[in-house]
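The residues making up each chain are set out below.
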Amino acid sequence: MTPPEYDYLRRLLKERSGLVLSADKQYLVESRLLPLARRTGLAGLSGLVQTLKGPNAEALTVEVVEAMTTNESFFFRDKIPFEQFRQVMMPALLAARAAQKRIRIWCAAAATGQEPYSLAMALKELGREAAGWRIDIVATDLSTEVLEKAKAGIYSQFEVQRGLPIALLIKYFSKIGDTWQIAPELRAMVQYRPLNLLADFAHLGVFDVVFCRNVLIYFDQPTKVGVLDRIARITARDGYLALGAAETVVGLTDSFAPIPDRRGLCTPNPSARFAAAAPRLALVGGGR
């Protein structure tokens, strides 16, 4: 692959997914796209680039973007966000939403489903506290391939061993051969949808909780700002945004304010320009 061909792929990936690749990441592109080129009968990465530049290349472009997207995920990843979900977010929201008895949650990069299913299990474990409530979990991802795996809810022994307590495995999963499938009642709690974070997502409606973890680290600063500001527009004024351990809103946007002593947890900034953009009435019809 020539330097101009690599530069073309870098531009394409940034435009379509927000992924920013430095000049020294050519080895990563080669390792992920060479198998795709071979599978589609193309002459290496040079042939792949030429085909991408030609007509009717949309399907191949989607495959390239999905091949380059990192879909690392495991149950209750990093633990702290889920502890904060149980100990901070849900108690506050159950009190604030007592009249409506409805809460909406968005997992903005669901990958193969471990994050939304971890939240579903956490909600189930609340028991009577959430009885009679309507709690919707909307899970989105750029990759339709990983969303299909997430919908099926079937995981290998290795996948269920990563972060999932044995008690929850026994309680919420069924053994199918060498794999485990999460219970139908938990699969029914999650609505999976394809979504590119670079696009407008106002149609999803307003959310009380947004998990957007370990995604912003792949974007450049202007893209991070744009994504955060669009998330702010659909986050309830008293809602929450959970970021990854290596991510922050500090120095990027005033749309959110970090909660002191709560790593990665933010709330909409009441003084920000988006503070009035998410009225509670929008919950009535949004995001179904």
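The structure under discussion appears in the preceding block.
Computed from a predicted structure; not experimentally measured.

Undergrad: I'm lost on the packing of helix 1 (residues 3-17) against helix 3 (residues 44-53) in this one. Help?
TA: When two helices pack together, their arrangement is given by the angle between the helix axes and by the axis-to-axis distance. Relative to each other, helix 1 and helix 3 sit at 50°, their axes nearing to 10 Å. By the angle class used here, helix 1 and helix 3 are oblique. In the crossing of helix 1 with helix 3, the sense of the turn from one axis to the other is left-handed. Contact with helix 1, carried on its side by Glu5, Tyr8, Leu9 and Leu12, involves Ser46, Val49, Leu52 and Lys53 of helix 3 and no other residues of that element.

Undergrad: Is there a simple way to explain the pattern of salt bridges in this structure?
TA: Side chains that carry opposite charge are capable of pairing whenever their charged atoms lie near each other. Scanning the model with the defined rule gives 14 salt bridges in all. A salt bridge links Lys149 to Glu159; the shortest N-O distance between them is 3.4 Å. With Lys149 in helix 7 (residues 144-152) and Glu159 in helix 8 (residues 157-161), this residue pair connects regions lying 10 residues apart in the sequence. Since its relative accessible area comes to 28%, Lys149 is described here as partly exposed. What you see here is one network of salt bridges that share partners, running through Asp78, Glu115 and Arg213.

Undergrad: What should I look at first to understand the sheet that holds strand 8 (residues 235-242) in this one?
TA: Strand pairing in a sheet takes place through backbone hydrogen bonds and is either antiparallel or parallel in direction. Judged by pairing direction, the sheet is mixed, and its 7 strands sit side by side in the order 6-2-1-7-8-10-9 without closing on themselves. Because the sheet does not close on itself, it has two edges, and the strands there are strand 6 (190-194) and strand 9 (256-258). On average, adjacent strands in this sheet sit at an angle of 25° to one another, irrespective of strand direction. Contacts between helix 6 (residues 114-124) and the sheet are confined to strand 1 (102-107), strand 2 (134-141), strand 6 and strand 7 (207-211), with strand 2 contributing the most and set at about 170° to the helix. Running over the sheet, helix 7 touches strand 2 and strand 6 and is turned about 165° from strand 6.

Undergrad: Mind showing me how you'd approach unusual backbone geometry here?
TA: The phi torsion of most residues other than glycine is negative, and most of the peptide bonds are trans. Phi angles above zero are rare outside glycine, and Asn56 is one such case at about 55°. Along the polypeptide, Asn56 turns up in the loop between helix 3 and helix 4 (58-68). Classification of Asn56 as exposed rests on a relative accessible area of 82%. Even without glycine at this site, Ala111 takes up a positive phi of about 50°. Summarising the element assignment, Ala111 is placed in the loop between strand 1 and helix 6.

Undergrad: What am I meant to see in helix 7 here?
TA: Spacing of three or four residues puts side chains on the same side of an α-helix, whose turn is 3.6 residues. Buried within helix 7 are the following residues: Val146, Leu147 and Ala150. Across the axial projection of helix 7, the buried residues extend over an arc of 105°, all falling on one side. Check the buried side of helix 7 and you find it contacts helix 6, strand 2, strand 3 (154-156) and strand 6. The opening residue of helix 7 is Ser143, an N-cap whose side-chain oxygen sits 3.4 Å from the backbone nitrogen of Glu145. Looking one or two residues past helix 7, Gly153 carries a phi angle of roughly 65°, positive in sign.

Undergrad: Can you walk me through the pairing of strand 2 in this structure?
TA: Walk down a regular strand and you will see the side chains alternate between the two sheet faces. Judged by how many residues are buried, strand 2 sits mostly within the fold: 7 of 8 residues are covered. A crossover links strand 1 with its parallel partner strand 2, the connecting element being helix 6, and its sense is right-handed. Bridge analysis of strand 2 against strand 6 gives 5 bridges, and the strand direction is parallel. Each residue of the ladder has a partner; that of Ile137, found in strand 6, is Val190.

Undergrad: Explain the nonpolar core to me, please; I cannot follow it from the model alone.
TA: Grouped burial of nonpolar side chains is what soluble globular proteins tend to show. Counting 46 residues, the largest nonpolar core has Met121 and Phe173 as the members making the most contacts within it. Element by element, the count of residues in this core is highest for helix 5 (residues 80-96), at 7 residues. Judged by nonpolar contacts, the second largest core, of 24 residues, contains Trp106, Ile231, Leu243 and Cys266.

Undergrad: What is the right way to look at the packing of helix 1 against helix 4 in this model?
TA: Two numbers describe how helix 1 lies on helix 4: the axes approach to 10 Å, and their chain directions differ by 90°. When the interaxial angle is binned, helix 1 and helix 4 end up roughly perpendicular. Judged by residue contacts, Leu12, Leu13, Arg16 and Ser17 of helix 1 engage Glu58, Thr61, Val62, Val64, Val65 and Met68 from helix 4. Tallied by class, the residues present in the contact of helix 1 with helix 4 amount to 6 nonpolar, 2 polar and 2 charged.

What counts, and at which threshold
Here the residue index of a chain counts from 1 through its sequence in written order. Selection of residues for local features in this predicted model requires a pLDDT of at least 70, selection of side-chain atom pairs for listing and counting requires 80 or more, and totals for whole chains, interfaces and linings are taken over all residues. Computation of side-chain values covers all heavy atoms of the structure but excludes hydrogens and water. The axes used here are C-alpha line fits, helices contributing only the stretch in contact, and every angle between their N-to-C directions lies in the interval 0 to 180 degrees. Working definition: helices are DSSP H or I runs of at least four residues, strands are E runs of at least two. Numbering for both runs from the N terminus. Angles are sorted into four bins: roughly parallel if under 35 degrees, roughly antiparallel if over 145, roughly perpendicular if 65 to 115, and oblique for all others. Less than a right angle of anticlockwise turn of the near helix away from the far helix marks a crossing as left-handed, whereas a clockwise turn marks it as right-handed. It only takes one pair of heavy atoms within 4.5 Å for two residues to be counted as in contact. We define a salt bridge as a side-chain nitrogen of Lys or Arg found within 4 Å of a carboxyl oxygen belonging to Asp or Glu. With a 1.4 Å probe rolled over the protein chains alone, any residue whose accessible area is under 20% of its type maximum counts as buried; one over 50% counts as exposed, and the rest are partly exposed. At least two DSSP bridges between two strands are needed for those strands to be called paired. The arc in question is the one traced by the directions running from the helix axis out to the C-beta atoms. In protein, a polar contact requires one atom able to donate a hydrogen and another able to accept it; more generally it is a pair of N or O atoms within 3.5 Å, and residues adjacent in sequence count only if both atoms are side-chain atoms. When the strands point away from the viewer and the connection leading from the first strand across the helix to the second strand turns clockwise, the crossover is called right-handed. The term nonpolar core refers to a set of buried residues drawn from Ala, Val, Leu, Ile, Met, Phe, Trp, Tyr and Cys, joined through side-chain atoms within 4.5 Å. All amino acids are sorted into three groups, where Ala, Val, Leu, Ile, Met, Phe, Trp, Tyr, Cys and Pro are nonpolar, Asp, Glu, Lys and Arg are charged, and the leftover types, Gly among them, are polar.

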